[in-house]
Each structure stands twice: as structure tokens, then as C-alpha cells.
Amino acid sequence: MMQYLPRILLLALIITAASCKSTRKIQTAISKKDTTGRVVVINDTHADSMKYIQNKVESVMANHIDFKTFGATKLKVNFQDKDGEQPELTVNLRMKKDSIIWVSITATILNVEVFRMRITPDSVILVDKRGKVVHFRSVSYLRELTQLPFDFYTVQDLLIGNPIYFDTAHVISYRKSNQSLQLFSLGDLFKHLMTISDGDNLVQHSKLDDVDPIRSRTCDLTYSGYVNSNGIRFATERQISVSERSKLDVDMNFKQFSFNETLDFKFPIPKNYKRD
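Quick caveat, the model's predicted, so the values are computed rather than measured.

(A) Region of interest: unusual backbone geometry. At Asp 98, a residue that is not glycine, the phi angle is positive and equals roughly 60 degrees. Structurally, Asp 98 can be placed in the loop between strand E4 (89-96) and strand E5 (100-107). On the basis of relative accessibility, which here comes to 38%, the residue Asp 98 falls in the partly exposed class. Here the phi dihedral of Lys 132 falls at roughly 55 degrees; this positive angle occurs in a residue that is not glycine. Position of Lys 132 relative to the elements: it lies in the loop between strand E7 (124-128) and strand E8 (133-137).

(B) Seen up close, the pattern of salt bridges. For the coordinates displayed, the defined rule picks out six salt bridges. With a shortest N-O distance of 2.5 Å, Lys 97 and Asp 66 are connected by a salt bridge. On the criterion of sequence distance, the pair formed by Lys 97 in the loop between E4 and E5 and Asp 66 in the loop between helix H3 (47-62) and strand E2 (69-81) is long-range, its members being 31 residues apart. Residue Lys 97 is classed as partly exposed on the basis of its relative accessible area, which comes to 34%. Residues participating in the shared-partner salt-bridge network are Glu 113, Arg 116 and Lys 129.

(C) Representation of the confidence of the model for the protein within the structure. Here the protein averages 79 in pLDDT, and 78% of its residues register 70 or above. Of all the helices and strands in the protein, helix H2 (residues 23-31) carries the lowest mean pLDDT, 34, while strand E16 (residues 256-259) carries the highest, 96. Predicted confidence is poor over residues 1-45, with pLDDT under 50, and the contacts of this stretch with residues over four places away or in other chains come to 132 contacts.

(D) Main features of a nonpolar patch on the surface. Together, Ile 109, Leu 110 and Val 112 make up an exposed nonpolar region whose accessible area comes to about 340 Å². For Ile 109, the position within the fold is in the loop between E5 and strand E6 (112-119). Relative accessible area serves as the criterion here: at 74%, Ile 109 is assigned to the exposed category.

(E) Geometry of the nonpolar core. Counting residues in hydrophobic clusters, the biggest one holds 55 residues, and the most contacted among them are Phe 70, Leu 93, Met 95, Ile 101, Val 103, Leu 183 and Phe 259. When neighbours within four sequence positions are excluded, Ile 101 is seen to be in contact with Leu 93, Arg 94, Met 95, Met 117, Arg 118, Ile 119, Phe 152, Val 155, Gln 156 and Leu 159. Within the second largest apolar cluster, eight residues are counted, among which are Ile 100, Val 127, Phe 265 and Phe 267.

(F) Fine view of the packing of aromatic side chains. The full count for this structure, using the stated rule, is 11 aromatic pairs. Linked through ring pairs, Phe 70, Phe 234, Phe 254, Phe 257 and Phe 259 together constitute an aromatic cluster. Seen from the ring of Trp 102, Arg 94 lies directly overhead, with NZ or CZ sitting 3.8 Å from the centre.

(G) Focus on the environment of Asn 63. On the secondary structure map, Asn 63 appears in the loop between H3 and E2. The spacing of Asn 63 and Pro 163 is 100 residues in sequence and 9.8 Å in space, taken between C-alpha atoms. Discounting chain neighbours no more than four positions away, the residues touching Asn 63 are Asn 162, Asp 200, Asn 201 and Leu 202. At 3.0 Å, the side chain of Asn 63 and the backbone oxygen of Asp 200 are in polar contact.

(H) Up close: the pairing of E8. Two strands pair when backbone bridges link them, and E7 and E8 are joined in this way by five bridges, in the antiparallel orientation. Bridge pairing in E8 links Leu 126 to His 135. The turn linking E7 back onto E8 is made up of four residues, and Lys 132 within it adopts a positive phi angle of 55 degrees. Where E8 meets strand E17 (residues 274-275), two bridges bridge the pair, whose relative direction is parallel.

(I) Spotlight on the environment of Leu 202. Among the structural elements, Leu 202 can be located in the loop between strand E11 (190-197) and strand E12 (203-210). Leu 202 gets classed as buried once you look at its relative accessible area, which sits at 6%. Leu 202 sits 32 residues away from Phe 234 along the chain, and the two C-alpha atoms are 9.4 Å apart.

What counts and how
Residues numbered from 1 in each chain as written. Predicted model: local features only at pLDDT ≥ 70, side-chain atom pairs only at ≥ 80, totals over all residues. Heavy atoms only, no water. Helix = DSSP H or I, 4+ residues; strand = E, 2+ residues; numbered from the N terminus. Buried < 20%, exposed > 50% of the residue type's maximum accessible area, 1.4 Å probe, protein only. Salt bridge = Lys/Arg side-chain N within 4 Å of Asp/Glu carboxyl O. pLDDT = per-residue confidence, 0-100. Contact = heavy atoms within 4.5 Å. Patch = residues over 30% accessible without salt bridge, like charges linked within 9 Å, V, L, I, M, F, W, Y side chains within 5 Å. Areas by Shrake-Rupley, 256 points an atom, 1.4 Å probe, with all protein chains shown as cover. Core = buried A, V, L, I, M, F, W, Y, C linked by side-chain atoms within 4.5 Å. Phe/Tyr/Trp six-rings, centres within 6.5 Å; stacked < 30°, edge-to-face > 60°. Lys NZ or Arg CZ within 6 Å of the ring centre and 35° of its normal. Polar contact = N/O pair within 3.5 Å; in protein donor to acceptor, adjacent residues only side chain to side chain. Pairing = 2+ DSSP bridges.

Written as C-alpha cells, this is what we have:
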């Protein structure tokens, strides 16, 4: 079963975060001028430009989702990899902020739970119900396994719909159009081209590229289907595309979800399962 663990972890967590390709596409997107928008490169201290960017960044961060608990049931996950389209998964997700991420994965067509996972800031437990094996790992092991520089808190933000790897202190350019604005930040790890909607400043799209030019990874994240849940603007539809040596496309559709309700995080482990 261990040969399938990297894929299962990626799907269970939807941790296709922050993967990167060459910088050329980002630079093209940033520098290209057309009739719908204009590029402004912030390489000086022009007060108007700096103030405009500061205000927009603050508006984006004002939409940051804060929560105590989050629960999602009947989360539909479709994915396609190098072997083609795979069977649909139904995911139940529970999170306690900065503490626990609890995931149950069911094969939709069979309506049978196949995996259950519990993640804390320093550990991961994966129960393989088909193989009757329990895998005990650390978060650092997951970084090694997936070759993605994430931690518990990045995964938490990704699942809840907050921007990831967006260096607010290093936004170096922007492009305006009639209905959206693109912000380009250059961080220590990633180049991030973020598109936000005009007016409500909600994230529509993120494109992440590795600062390391040797890597050939890329990640595109699209957010849509926003609904207002007691003042929280939540994207119910996500499309994630990751590629390096091969490509993985993931579609997520949140059917039912809630914030700040009392949730059960019990995680029983069958005694007869093999420990790994």
C-alpha cells in the first residue's frame, strides 16, 4: 500500500499547494499589455502606486477566513492523473483551528470508507481500511514524501480557502482590468500571481511558481461559487492543477459545510490493524 501513499495524501488533504513551473509564464502574464488592462511595476517609491497596492493587499487580507471549527460533508472530489480520470471520492472534513484536521474518504460508487486521516501540527495518522494498515508519520515526513514545502497551517489555509504563499510585503507589480486585478508577489519560496475580483476583492485564481529555476513544477488554483455564510465568504468550488513530471487535476465541490459548530474528532484505531 505504501506505493500509493503519496497520491492518497495529496488527494486526502488536497495538498496540491504551492507547486511551481518556470518563471517565464508568470513573467509573460505580468508584462503582457492588452486593451483590457495595464501593468504597473512597483520598482520605485511612487506614493500613489504604493498606497494603491497597500490598500488592495489589506482588502484581500480582510477576506481572510478566521474560524474555530469547520466541517464539510459530502465534499465531492474528482481527479485526473497520468492514468486518466479516476473514480469520484466523497470526503468528510473536520478542522479545529491550529489543532486538528480530520479526513474521511469514501469511494462514492461503492459507498465504502477506504481511508481515514488525522493530522496535527506535528503528526499524521493514516488508516488504510482496505489494507487494514495504520501509517504513523510526521508532518516533516509528508514534506519529504510529496516534495512540497508545506506545514499544517498551510494545509489548513488551503482547505479553508485562504491564500497560500502570498507574500504581502513583497508585491512587486499589479495589472488592472475592468473586472479584476492581478497582484504579483515574490517571496522566498514562490512567485505568486493572484487574481482578485473588482469590488469585493475575493480571490479568483492563484498561480504559483518555484523561485528555484531548476524545478519545473507549477500549480494553478481557481476559486468560484462564493457564498456568504454568516459573514464569511467561502468558495464552494475549487479547481487545482499541479504538474511537474506528470499532471494532476483536482475538482472540489463543497455541498454542505458549516463554521464554528461543535464537532467530534474521535479517531479510533482498530486493534487488529497492522502498524507501520
